[in-house]
Amino acid sequence: MPSDSNIRPEDALTAGLKQLESQGLRRALRIVDSAQSPRLTVPPRDVLNFSSNDYLGLAAHPALVQAAVHTAERFGVGSGASRLICGSLRPHHALEEALASFKGTEAALTFNSGYAAALGAITAVIGKDDVVILDRLAHACIVDAARLAGAKLRVFRHNDLNDLERMLKWARSRSDAASAPRRILIVTESVFSMDGDIAPLSDIAALKEAYGAWLMVDEAHATGLFGTRGSGLVEEFGLAGRVEIQMATLGKALGSSGGAICGSRALIDWLINRARSFIYTTAPAPMAAAAATAAVQLVQSGEGRGLRDRLWALVEHFKTGMIQHGWPPPPLRSAIIPWMLGEDRLAVSWAGRLLDRNILVPAIRQPTVPKGTARLRFTLSASHAPEDINRLVDAMNGIRGLDERDSSHA
Ligand SMILES: *Cc1c(COP(=O)(O)O)cnc(C)c1O
């Protein structure tokens, strides 16, 4: 690459943006003028929203809003300082107690985001002599955290237990060498964020025990949705005592914002002392913590069970509708339904044509997913109506019909 020392910084960046544009990879923000719900005001239009992670419709739920308002009235809106200085407000402690009991762990610690939780937890427990083994589709925050920790990073084929075991054997064999790894950490998501499929958690837990590794499970897309209490797939698979680090986000099904790590009292005390993204940052807004606490309670109530039942019925309704029209069957049991298109530009074109019909579905491209696997990502919410789903299926069929007519004329 030629040196760009004579080019103005803005011009260098503009050239970079043009290149992204020409590859169909340039992204831009879209202003939304309404609360999260199946209908969004995205001026100049109103759209039907199939892009949110607000799976249970809690982001604007009155119980959460009320908890936030009451807490703002009592604690104000700012936390004033980091948790270790004077920002460790009662609402944060109440949330952490609620999360520990929800997740079936001794303790919990909250962060400003799920991203910050992953960064803080992994860099606190892992150092440069350690090995981190990740599923190939693990979220960017996990990859970034493992890199920042300076660990030896290995990536196993998606949900492939043989490949994982091969890497565990390799990591263990190093234990006999002078450069013995102190610790091996396996990290996986439970529901994968862009594919909506599920990790074989029981088998992964058995492998980590056989090889003396630790296991971290990112439940960003499972918290609130699976298990009897609704706490996630770790609960559903009965693995709470066997997963060293459970990670959750508070901003998806729980409708608020923030991230959490749940685990042993020793783990949480270690993170309070060593997780830099916890220590060197202002504590989250107390009202966000209060809203999340209300969500944790709601999810475990009869209303929460009702919302989950409703969501799964809508997912079935969507799948049945698509299959009836000859679309291939989407993955089982997930509110994330990917529609594979391959080329980045093709995904962008489909998303654009859905938007022309006032339906908002994101085109997911590299680097979020590997090259050649661009897709539409439908997410459903308990607050959708069956008619909303019908409109989506009709729009997909309408677009496909136009394409077929075009190609038969070609
Ligand atoms: C969204 C997400 C995160 C990050 O959580 P935030 O609270 O949004 O920062 C982490 N992991 C996965 C799998 C996610 O989908």
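The structure displayed is predicted, hence computed values, not measured ones.

S.K.: Which residues make up the site of the ligand, and what values go with them?
M.R.: Around the ligand sit 14 residues, and of these Gly 114, Asp 218, His 221, Thr 249 and Lys 252 come closest. In the environment of the ligand, an oxygen atom lies 2.7 Å from a nitrogen or oxygen atom belonging to the backbone of Gly 114. In the model, an oxygen atom of the ligand is placed 2.9 Å from a nitrogen or oxygen of the Tyr 115 main chain. Surface burial for the ligand is 82%, taken as the share of its 380 Å² of free accessible area covered by protein chains. Contributions of two or more residues to the shell around the ligand are made by α5 (114-125) and β8 (245-249).

S.K.: Explain the packing of helix α2 (residues 62-75) against helix α12 (residues 286-299) to me, using residue names and the numbers behind them.
M.R.: For any two helices packed against each other, the geometry is given by the interaxial angle and the distance between the axes. Viewed as axis vectors pointing N to C, α2 and α12 meet at an angle of 145°, and their least axial separation amounts to 8 Å. You can see that α2 and α12 cross each other, and the crossing is right-handed. Across from Ala 63, Leu 64, Ala 67, Ala 68, Thr 71, Ala 72 and Phe 75 in α2, the residues of α12 making contact are Pro 286, Met 287, Ala 290, Ala 291, Ala 294, Ala 295 and Leu 298. A per-class count over the contact of α2 with α12 returns 13 nonpolar, one polar and no charged.

S.K.: Give a description of the pattern of salt bridges that names residues and reports values.
M.R.: Applying the stated rule across the entire model yields 15 salt bridges. Glu 10 is the partner of Arg 8 in a salt bridge, and the nearest nitrogen-oxygen pair spans 3.3 Å. On the basis of relative accessible area, Arg 8 is assigned to the partly exposed category, the value being 47%. You can call Glu 10 partly exposed: its relative accessible area is 42%. A salt bridge links Arg 8 to Asp 11, with the shortest nitrogen-to-oxygen separation between them at 3.3 Å. Owing to a relative accessible area of 35%, Asp 11 belongs among the partly exposed residues under this scheme. Connected via shared salt-bridge partners are Arg 157, Asp 160, Asp 163 and Arg 166.

S.K.: Pulling in residues and values, what's your account of the pairing of strand β1 (residues 39-42)?
M.R.: Where burial is concerned, the two faces of β1 differ: the one with Leu 40 and Val 42 is buried and the one with Arg 39 and Thr 41 is not. The pairing of β1 with strand β2 (residues 45-49) spans four bridges and is classified as antiparallel. Its bridge partner lying in β2, Leu 40 is registered against Val 47. Hairpin connection between β1 and β2: a loop of two residues separates the two successive antiparallel strands.

S.K.: I'd love a proper account of unusual backbone geometry, names of residues and values included.
M.R.: The omega torsion across Pro 43 and Pro 44 is 15°, close enough to zero to call that bond cis. Along the chain, the position of Pro 44 falls in the loop between β1 and β2. Omega for the bond connecting Gln 366 with Pro 367 falls within 30 degrees of zero, at 5°, which places this linkage in the cis form. Topologically, Pro 367 is positioned in the loop between β12 (363-364) and β13 (374-379). Even without being a glycine, Asn 159 presents a positive backbone phi close to 55°. With respect to the secondary-structure elements, Asn 159 resides in the loop between β5 (152-156) and α7 (161-173). Notably, Asn 358 is not glycine yet its phi reads approximately 60°, a positive angle. Along the chain, the position of Asn 358 falls in the loop between α14 (344-356) and β11 (359-360).

Reading the values: the criteria
Residues numbered from 1 in each chain as written. Predicted model: local features only at pLDDT ≥ 70, side-chain atom pairs only at ≥ 80, totals over all residues. Heavy atoms only, no water. Near = heavy atom within 4 Å. Polar contact = N/O pair within 3.5 Å; in protein donor to acceptor, adjacent residues only side chain to side chain. Areas by Shrake-Rupley, 256 points an atom, 1.4 Å probe, with all protein chains shown as cover. Helix = DSSP H or I, 4+ residues; strand = E, 2+ residues; numbered from the N terminus. Axes fitted to C-alpha atoms, helices over the stretch in contact; angles between N-to-C directions. Left-handed = near helix turned anticlockwise from the far one by under 90°. Contact = heavy atoms within 4.5 Å. Nonpolar A, V, L, I, M, F, W, Y, C, P; charged D, E, K, R; others polar. Salt bridge = Lys/Arg side-chain N within 4 Å of Asp/Glu carboxyl O. Buried < 20%, exposed > 50% of the residue type's maximum accessible area, 1.4 Å probe, protein only. Pairing = 2+ DSSP bridges.

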